[in-house]
Structures are given as C-alpha cells and as structure tokens.
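Below, each chain spelled out in residue letters.
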Amino acid sequence: RAKSAGGNRYERADPEADARAITRHGLTTALPAALDRGEFFIEYQPLVHLGDGTVHGAEALVRWCHPQHGVLGPDRFIPLAEHTGLIVPLGRWVLEEAVRQARFWTHRHADGGPLRINVNLSPTQLHHPGLVGDITDVLERSGLAPGALCLEVTESALIGAEEDLLKPLRQVAEMGVDIALDDFGTGYSNLANLRRLPVSVLKLDRSFTRGMQQHPADPVDMKIVEGIVSLAHSLELAVTVEGVETAAQAEQLRALGCDTAQGWYYARPGAPDRIHSLLLADAV
Ligand code: C2E
Ligand code: MG
Ligand code: MG
Ligand code: MG
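Procedures and definitions
Residues numbered from 1 in each chain as written. Chains lettered and ligands numbered in written order. Predicted model: local features only at pLDDT ≥ 70, side-chain atom pairs only at ≥ 80, totals over all residues. Heavy atoms only, no water. Donors = N, O, S within 2.8 Å, 3.2 Å for Na, K, Ca; no water. Helix = DSSP H or I, 4+ residues; strand = E, 2+ residues; numbered from the N terminus. Buried < 20%, exposed > 50% of the residue type's maximum accessible area, 1.4 Å probe, protein only. 1 Å grid on protein atoms, 1.4 Å probe; cavity = no way out; pocket = protein on both sides within 12 Å on 5 of 7 lines; lining within 4 Å. Points joined across faces, edges and corners; volume = space filled by probe spheres on them. Nonpolar A, V, L, I, M, F, W, Y, C, P; charged D, E, K, R; others polar. Phe/Tyr/Trp six-rings, centres within 6.5 Å; stacked < 30°, edge-to-face > 60°. pLDDT = per-residue confidence, 0-100. Contact = heavy atoms within 4.5 Å. Core = buried A, V, L, I, M, F, W, Y, C linked by side-chain atoms within 4.5 Å. Near = heavy atom within 4 Å. Polar contact = N/O pair within 3.5 Å; in protein donor to acceptor, adjacent residues only side chain to side chain. Areas by Shrake-Rupley, 256 points an atom, 1.4 Å probe, with all protein chains shown as cover. Sits in = over half its atoms within 2 Å of the grid points.

Q: Help me understand the coordination of the magnesium ion (ligand 2) in this model?
A: Six octahedrally arranged donors around a metal ideally form angles of 90 or 180 degrees; four tetrahedrally arranged donors ideally form angles of 109.5 degrees. Coordination sphere of the magnesium ion (ligand 2), protein contribution only: Glu59 (OE), Asn120 (OD1), Glu152 (OE) and Asp182 (OD), at 1.9 to 2.2 Å. Spacing between the donor residues of the magnesium ion (ligand 2) along the chain follows E-x60-N-x31-E-x29-D. Here the magnesium ion (ligand 2) and the magnesium ion (ligand 3) are spaced 3.7 Å apart, linked through Asp182, which binds each one. Placement of Glu59 in strand β2 (residues 55-66) and of Asn120 in strand β4 (residues 116-121) is noted, with a sequence separation of 61 residues between them. The buried category is assigned to Glu59, whose relative accessible area is 5%.

Q: Whenever I open this one, the layout of surface pockets confuses me. Can you help?
A: To find the voids left in a structure, one rolls a probe of water-molecule size over its atoms. Its volume calculated, the largest pocket comes out at about 1,100 Å³. Glu59, Leu61, Pro74, Asp75 and Asn120 are, among the 37 residues lining the largest pocket, the residues nearest its centre. Of all the secondary-structure elements, those providing two or more residues to the lining of the largest pocket are β2, α2 (74-84), α3 (87-108), β4, α4 (123-127), β5 (149-154), β6 (178-184) and α8 (206-211). Residues that form the lining of the largest pocket fall into these classes: 14 nonpolar, 10 polar and 13 charged.

Q: What's the story with the coordination of the magnesium ion (ligand 3) in this structure? I'm lost.
A: The magnesium ion (ligand 3) binds to the protein through Asp182 (OD), Asp183 (OD) and Glu242 (OE), with metal-donor distances spanning 1.9 to 2.6 Å. Taken in sequence order, the residues that donate to the magnesium ion (ligand 3) follow the motif D-D-x58-E. Among the residues examined, Asp183 registers a relative accessible area of 26% and is labelled partly exposed.

Q: Explanation requested: the environment of Gly38 in the structure shown.
A: The topology assignment puts Gly38 in the loop between α1 (15-37) and β1 (40-49). Relative accessible area serves as the criterion here: at 55%, Gly38 is assigned to the exposed category. Remark: the alpha-carbon pair of Gly38 and Gly70, spanning 32 residues in sequence, is separated by 14 Å.

Q: Which parts of the structure should I look at to understand the packing of aromatic side chains?
A: Applying the stated criterion across every chain yields a total of 5 aromatic pairs. With centroids separated by 5.1 Å and ring planes inclined at 80°, the aromatic side chains of Tyr44 and Trp105 adopt a geometry described as edge-to-face. Taken together, the positions of Tyr44 in strand β1 and Trp105 in helix α3 put the pair 61 residues apart, joining distant regions of the chain. Assessed through its relative accessible area of 1%, Trp105 is described here as buried. On the basis of an interplanar angle of 90° and a centroid distance of 5.7 Å, the ring pair of Trp64 and Phe77 is categorised as edge-to-face. Taken together, the positions of Trp64 in strand β2 and Phe77 in helix α2 put the pair 13 residues apart, joining distant regions of the chain. For Trp64, a relative accessible area of 0% corresponds to the buried category.

Q: Please explain the confidence of the model for the protein chain as it appears in this structure.
A: In low-pLDDT segments, the atomic positions of the prediction should not be examined closely. On average, the protein chain scores 89 in pLDDT, and the residues at 70 or more come to 92%. Counted against residues more than four places away or in other chains, residues 1-6, with its pLDDT under 50, gives 7 contacts. If you check the scores for this complex, the pTM reads 0.92 and the ipTM reads 0.97.

Q: Honestly, the nonpolar core in this entry has me stumped. Any pointers?
A: Among the nonpolar cores identified, the biggest contains 79 residues, and Leu149, Leu151 and Leu158 are the most heavily contacted of them. Tallying contributions element by element places α3 first for this core, with 9 residues. Apart from the residues lying within four places of it in its own chain, the contact partners of Leu158 are Leu126, Val153, Leu165, Leu166, Leu169, Leu181 and Leu197.

Q: Looking at this model, I keep getting lost on the site of ligand 1. Mind explaining?
A: Residues in contact with ligand 1 amount to 24 residues; listed here are only the nearest, Arg63, Asn120, Asp182, Glu245 and Trp264. Glu245 has a polar side-chain atom sitting 2.5 Å from a nitrogen atom of ligand 1. Trp264 places a main-chain nitrogen or oxygen 2.8 Å from an oxygen atom of ligand 1. Notes on ligand 1: free accessible area 800 Å², of which the protein chains cover 85%. When atom positions are compared with the pocket grids, ligand 1 is found to occupy the largest pocket. For the shell around ligand 1, the secondary structure elements donating two or more residues are β2, α2, α3 and β6. No other element matches β2, which puts 4 residues into the shell around ligand 1.

Printed below as a string of structure tokens:
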C-alpha cells in the first residue's frame, strides 16, 4: 500500500495496524481508572476430576467490561498491564476477589471437600517484592486454607529462572499453596529441570488436547502425553489438561492417566453462580 501511494518510505503501510496501535494506547491509558471504577470482573471455569466428573476447583479468568469496547478478554489487556506494571494492583485484585469467592464456596459446601481456586500470575508479579506478603495477607484475611489456592505460572516465565525468582514461589509453596506450570509443553524447558521448580501441578497446553480430537487420536501427541504423565507422576506432580472440547478427548486423556481437566466440554468460563450450582449438583 505504501508503494501504490508513490513509494514514500515514510508513509504508514498498514492503517489497520495504526488503528490497533491507537486502541492499544487508549486501552493502556484507561487501565488505571478502570481498576478504580471496578470495570474488571472474573469468570470462573471449573476443573473436573477425569475419573468421576466431580468438580475439583475453578480457574479465575479476568475480563474487562470496557465502556466503549464491551467485554475484552485478557489477551487484549494483560500484556498492556504487564508492560505498565498495572498488573501488580490488578493481579492483587484478582487474587483477593477469587480467594474471597472460593472461601464463600467452601463455606457453603463444608461437607463437599475442599474446592480449589486457581489464579494466574504473570512474570511481572513474580518479580514484585510484595508478592509473598500479598498472598499471605489475602489468605489470612479470607480464612481460606493455603492448600485450596493454586497459582498458575507459565512454563516460559520459569524457564531458566534464577534462584531469586524461584524464592518467593518456594516460600508460598512451603505455606501449602500449590504452584501449577501453565501452558506446559509450549516452552523449551528441560524436563529434568522440573525437579528444581517448586511446582506440584503440570497444566498441559491445549495444543496437546487438540491432537486427541482426531479419530484416531494423533499417535505422536498420545505418546507425548503418555510420557509427560508418567514423568509427572513419578515426580509426584498432578496433571491437568486444558482445552477439552469433546467427550472423546476427555476419554482419551483419562485413559492416558491425566488427573483433572478443564474445557468447553465441561463448561465455558462463567459467572460464579455457575460454579455454585455445579457444586450443588456434585458433578458436571
Ligand atoms: P490460561 O491460563 O491458559 O487460561 C485458559 C484459557 O483457555 C482461557 O482463555 C479459557 O477461556 C480458554 N479455554 C478454556 N477452555 C477452553 C476450550 O475448551 N477451548 C478453547 N479453545 N479455549 C478454552 P482466556 O480467559 O481468554 O484467558 C487467556 C489467558 O489470559 C489465560 O490463559 C491466562 O494466561 C491469562 N489470564 C487470564 N486471567 C488472568 C489473570 O487474572 N492474571 C493474569 N496474569 N493472566 C490472566
Ligand atoms: Mg491459567
Ligand atoms: Mg493454561
Ligand atoms: Mg493456555
């Protein structure tokens, strides 16, 4: 397009990219006020035991109800919040809100066993010195057992991590909080490295689950999942799979020994009431 406009090297070639950049800029500057105005909300997606379909917990997934653009998914604004550092107060808000919600569920279902709440942490939060204090604080004030909280950290955030980055995670793990390695299998982590990380759950990336959708399932993906599960279990790590969309996938992953699953086949992310009724019904 720049060429047809006379080859002016300085002419911007992509008006759509420009529009996106303007939107990004607008969203970035609107973030702090949005947090103050309460424009963020959380949807919860159940995690289910593959063995018997009972609810194991729920993952908190943040959304932004933007006054002009409508509901925005995290992929639209989390990277921006990461970049400006707003992820620290936003992440603290998500943690507090999700833990409060989980405490409420646990309260209502005291005999239903502990319900786990999974909260995503981004790399900037890991680097923030207040992290351990915030988590301790939120747990104490809510009264939620540390063992009911699971923090999800992406594999790529921990690849090659130095000990000082792992230290806060180690501290919260020692309190009894679970750490899950999110989107596992998409990074290039040395599997032997897993022993060094304070993680207790591997969350297998959706790309593997996709291979189970075909009939017959992709044999290479099956071998990989089988290998990961056996390695994980030998290291006493639990395996969760994300992106389960069909009964066939669920069955395949169950047969391969995965422990828990999450995906549209069970439920899309939704309002907290939804989890509440699933708990009452006892199974998805
Ligand atoms: P994630 O942690 O890997 O979360 C799983 C994503 O997969 C969610 O997208 C979820 O809606 C989607 N998903 C669940 N089941 C299915 C399925 O069966 N099929 C398909 N195609 N997708 C499925 P979402 O909500 O758009 O979140 C995207 C990412 O944003 C999350 O990926 C997570 O990395 C990040 N994120 C969400 N909430 C937070 C947060 O509070 N803090 C931080 N730091 N990151 C967050
Ligand atoms: Mg996650
Ligand atoms: Mg994930
Ligand atoms: Mg993912």
